[in-house]
Amino acid sequence: MTKRHPPSSDPAALSYADIEKAAQDVGLIIMGALHPRVKDAKQLEGGTLILLGAGSAFWPALKSSPEWQGKDPVDRWSSRVVGQMAQDLSATAYFPFGGPPYTPFIDWALKSGRTFSSPVGALVHDEVGMMISFRGALHFINEIPIPAPPDASPCTTCAAPCTQTCPVGALNSRDFYDVSSCHGHLSTPEGQNCMTGGCLVRLSCPLSSGAARDPEQSAHHMRAFHPS
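As recorded in an unreviewed UniProt entry, the protein goes by 4Fe-4S ferredoxin-type domain-containing protein and comes from Ruegeria atlantica.

Okay, here's the thing in structure tokens:
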């Protein structure tokens, strides 16, 4: 697949802190950053890629937005907000939805050095654990200095409660994700804890508390994943 180059116009001199502040102002956090030239990121060449995700301020921002009243509020909000950030900061916006084909967010996340593969296969982030929700990315033409990522995955020193938490073993270290078992469990009375509060496996990750996730937000995502 042809790699995409950043925009041709040189953006204003921005620092990582400037971009981080712009993200926080709209209810997002920076969940990773990389230089595609160095990391050989799929579909990109040169510049700086900033991955944006949902932090604790995201849910209130979404619920107070005009998108909240319509269909697919999360994706429509993300399109508008990240799209406007790209326009304001002279960047190119990318999104993890809208395919196929899909933008390679998993490749970008792993190459940022802040997201890792957990023992059950699900992605885990150094700040929000398994409560990962990428809402978009910004690609800048220049190589902006970015913070160094952690030296190693947090899973290397973790007791891995994620491997033992799922009531039906749908997420496990052997075959990673048994989707049919997961959906089957969610349709039972016993599965309502997951439906109303979020996936028990994702919640079991010690770092997931860093997302400060509102249970209402998790319930919204679970309904989208498993409609009644």
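Moving on from the model shown.
**A word on the side chain of His139**
Along the polypeptide, His139 turns up in strand β6 (residues 134-140). At 2.9 Å, the side chain of His139 and the backbone oxygen of Gly46 are in polar contact.

**Comments concerning helix α6 (residues 179-186)**
Three or more residues of α6 are buried, namely Cys182, His185 and Leu186. Axial view of α6: buried residues confined to an arc of 100°, hence all on one face. Next to the buried residues of α6 lie β8 (176-177), α7 (192-197) and α9 (215-225).

**Observations concerning the sheet that holds β6**
Strand order in this open sheet of four strands is β1-β2-β6-β3, and the pairing throughout is antiparallel. Of all strands in the sheet, those bounded by a partner on one side alone are β1 (28-34) and β3 (92-94). For this sheet the average axis-to-axis angle between neighbouring strands, irrespective of direction, equals 25°. As judged from the six bridges shared by strand β2 (residues 48-54) and β6, these two strands associate in the antiparallel manner. Bridge pairing in β6 links Leu49 to His139.

**Quick look at the nonpolar core**
Formed by 28 residues in total, the largest nonpolar core has its most connected members in Leu28, Ile50, Leu52, Phe58, Met85, Leu138 and Phe140. If you list the elements that add at least two residues to this core, you get α1 (16-25), β1, β2, α3 (58-63), α4 (73-89) and β6. Broken down by element, this core gets its largest block of residues, seven residues, from α4. Apart from the residues lying within four places of it in its own chain, the contact partners of Leu52 are Ala23, Leu28, Ile29, Ile30, Val82, Met85, Ser133, Phe134, Arg135, Gly136, Ala137 and Leu138. Ranked by size, the runner-up nonpolar core spans 18 residues in total, among them Val124, Leu171, Leu186 and Cys194.

**Some remarks on α9**
For an α-helix, the turn length of 3.6 residues means that residues three or four places apart are oriented alike. Along α9, the residues that are buried comprise Gln217, Ser218, Ala219, His220 and Met222. The elements touched by buried residues of α9 are β2, α3, α4, α6 and α7. The opening residue of α9 is Asp214, an N-cap whose side-chain oxygen sits 2.8 Å from the backbone nitrogen of Glu216.

**Some points on the state of the cysteines**
The tally for this structure, following the rule as stated, stands at zero disulfides. Note on Cys194: no disulfide assigned, nearest cysteine sulfur contributed by Cys199 at a separation of 5.7 Å. Cys205 carries a free sulfur, and the closest cysteine sulfur to it, the one in Cys158, is 6.2 Å from it.

**Digging into the environment of Met222**
Note that Met222 resides in helix α9. Expressed as a C-alpha distance, the spacing of Met222 and Cys199, which sit 23 residues apart in the sequence, is 8.0 Å. When sequence neighbours within four positions are dropped, the list of residues in contact with Met222 reads Leu186, Cys194, Met195, Gly198 and Cys199.

**Notes on the pattern of salt bridges**
One pass over the full model with this rule turns up eight salt bridges. One salt bridge in this structure joins Lys63 and Glu216, with 3.0 Å as the shortest N-O distance. Of this pair, Lys63 sits in helix α3 while Glu216 sits in helix α9; the two residues are 153 residues apart in sequence, bridging distant segments of the chain. Accessibility expressed as a relative area gives 34% for Lys63, which makes it partly exposed. Residue Glu216 is classed as partly exposed on the basis of its relative accessible area of 36%. In this structure, the salt-bridge partner of Glu127 is Arg114, at a minimum N-O distance of 3.1 Å. Separated by 13 residues along the polypeptide, Glu127 in the loop between β5 (123-125) and β6 and Arg114 in the loop between α5 (105-111) and β4 (115-117) bring together distant segments of the chain. Exposure remark for Glu127: the relative accessible area of 35% places this residue in the partly exposed category. The network of salt bridges with common partners includes Arg114, Asp126 and Glu127.

Rules used throughout
Residues numbered from 1 in each chain as written. Predicted model: local features only at pLDDT ≥ 70, side-chain atom pairs only at ≥ 80, totals over all residues. Heavy atoms only, no water. Helix = DSSP H or I, 4+ residues; strand = E, 2+ residues; numbered from the N terminus. Polar contact = N/O pair within 3.5 Å; in protein donor to acceptor, adjacent residues only side chain to side chain. Buried < 20%, exposed > 50% of the residue type's maximum accessible area, 1.4 Å probe, protein only. Arc of directions from axis to C-beta. Contact = heavy atoms within 4.5 Å. Pairing = 2+ DSSP bridges. Axes fitted to C-alpha atoms, helices over the stretch in contact; angles between N-to-C directions. Core = buried A, V, L, I, M, F, W, Y, C linked by side-chain atoms within 4.5 Å. Disulfide = S-S within 2.5 Å. Salt bridge = Lys/Arg side-chain N within 4 Å of Asp/Glu carboxyl O.

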